[in-house]
Amino acid sequence: MNCKNFTGIMGRGGVIHETCEAGHRYDSFGPRLEYRRELPCIARNERLCPDQDFPTREEMEQREKEFDEHFRMITTARALIVAQGGPGSSGSVECPKCKGVLLYSIAGNRHVHAQCETAECLAWIE
């Protein structure tokens, strides 16, 4: 599990995160960011970052429950989408998570690309 302050190096839409939420620049920990395991955000090494804050066991269990529920919603949404059409089709279905509009397209290889119109809701690319 990563430090709570870790924003990820690459964010949504290709945005590169240069700092963590505690304000530390990732490149201040060394030039080899492609080796993420060297970041103190990934490996517990307090000598490198005084603001490390890793989640407790209870927080990790809660995150796992939230992830499982989110993935269940994606699985439900995908089933709705596949029932609507086949390869090369696109359209929308009701989002099972927020009841908003979930836009989708199904590629020729049957991979589904979908995004809910509600911010921070369901979105995935297979």
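Here, every reference points to the structure presented above.
In short, a report on the structure. Computed from a predicted structure; not experimentally measured.

Considerations on the sheet that holds strand β1 (residues 90-94)
Strands belonging to one sheet form pairs held by backbone hydrogen bonds; the direction of such a pair is parallel or antiparallel.
Next up, step 1: Pairing in this open sheet of four strands is antiparallel, and the strands run β1-β2-β3-β4 from one edge to the other. Sheet topology places β1 and β4 (123-125) at the edges, where each strand pairs with a single neighbour. Strand-to-strand twist across the sheet, computed as the mean angle between neighbouring axes with direction ignored, equals 20 degrees.
Next up, step 2: As paired elements, strand β3 (residues 112-116) and β4 share three bridges and run antiparallel to each other. Paired with Gln115 across the bridge in β4 is Ala123.
Next up, step 3: Sheet strands touched by helix α1 (residues 57-84): β1, β2 (101-106), β3 and β4. Its angle to β2, the strand with the most contacts, is close to 60 degrees.

Regarding the pairing of β2
Next up, step 1: Of the two faces of β2, the one lined by Leu102, Tyr104 and Ile106 is fully buried and the one lined by Val101, Leu103 and Ser105 carries no buried residue.
Next up, step 2: One ladder, built from five bridges, connects β1 with β2; its direction is antiparallel. By the bridge assignment for β2, Glu94 is matched with Val101.
Next up, step 3: Counted along the chain from β1 to the antiparallel partner β2, the turn is six residues long, and its residue Lys99 has a positive phi close to 70 degrees.
Next up, step 4: Sheet analysis places β2 next to β3, joined by five bridges and oriented antiparallel. Looking at the pairing, Leu102 lines up with Cys116 of β3.
Next up, step 5: Once β2 ends, the chain turns through five residues before running back antiparallel as β3, passing Arg110 with a positive phi of about 75 degrees.

What counts, and at which threshold
Residues numbered from 1 in each chain as written. Predicted model: local features only at pLDDT ≥ 70, side-chain atom pairs only at ≥ 80, totals over all residues. Heavy atoms only, no water. Pairing = 2+ DSSP bridges. Helix = DSSP H or I, 4+ residues; strand = E, 2+ residues; numbered from the N terminus. Axes fitted to C-alpha atoms, helices over the stretch in contact; angles between N-to-C directions. Contact = heavy atoms within 4.5 Å. Buried < 20%, exposed > 50% of the residue type's maximum accessible area, 1.4 Å probe, protein only.

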